[in-house]
Amino acid sequence: HFRILEQVSAGQRIEVERLDGSMRGYRVSGVRIVDHRDLGILSDRGRDALTLVTCWPFDAVAPGGPLRYVVSALAEDGA
């Protein structure tokens, strides 16, 4: 899973490499913990956005519990 996400904070920049090899920059707008049934985190809000999701807590003995750690980021202009 994405344990490295615990080091991500609001305002941080994330770069994603696209299939064509070009890069796209995003700024983290927030992090939160949600129930695994909360599918609203994946809804289309009409903006170029990135949503990264992993299991939470990070140090759980058994993966796949009921909570998810969510990092939301918005695309940077001109990237």
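Quick caveat, the model's predicted, so the values are computed rather than measured. (Residues numbered from 1 in each chain as written. Predicted model: local features only at pLDDT ≥ 70, side-chain atom pairs only at ≥ 80, totals over all residues. Heavy atoms only, no water.)

Draft legend 1. Layout of the sheet that holds strand β2 (residues 23-35). Strand order in the open sheet made by the four strands is β1-β2-β4-β3, with antiparallel pairing throughout. With partners counted over all chains shown, the strands left at the sheet margins are β1 (13-17) and β3 (49-56), one partner each. On average, each strand axis in the sheet is tilted by 35° relative to the strand beside it, whichever way the strands run. Both β1 and β2 contribute to a ladder of five bridges, which runs antiparallel. (Pairing = 2+ DSSP bridges. Helix = DSSP H or I, 4+ residues; strand = E, 2+ residues; numbered from the N terminus. Axes fitted to C-alpha atoms, helices over the stretch in contact; angles between N-to-C directions.)

Draft legend 2. Representation of the layout of surface pockets in the model. Quantified by volume, the largest pocket comes out at close to 280 Å³. Lining the largest pocket we find 14 residues, and of these I41, R45, A49, T51 and S72 sit closest to its centre. Those elements that place two or more of their residues in the lining of the largest pocket are β2, β3 and β4 (67-75). Here the second largest pocket is characterised by a volume of approximately 160 Å³. Forming the walls of the second largest pocket are F2, I4, L5, V8, Q12, R13, I14, L50 and L52. For the lining of the second largest pocket, the secondary structure elements donating two or more residues are β1 and β3. Looking at the lining of the second largest pocket, its residues break down into seven nonpolar, one polar and one charged. (1 Å grid on protein atoms, 1.4 Å probe; cavity = no way out; pocket = protein on both sides within 12 Å on 5 of 7 lines; lining within 4 Å. Points joined across faces, edges and corners; volume = space filled by probe spheres on them. Nonpolar A, V, L, I, M, F, W, Y, C, P; charged D, E, K, R; others polar.)

Function-wise, these values are silent; they only describe arrangement.
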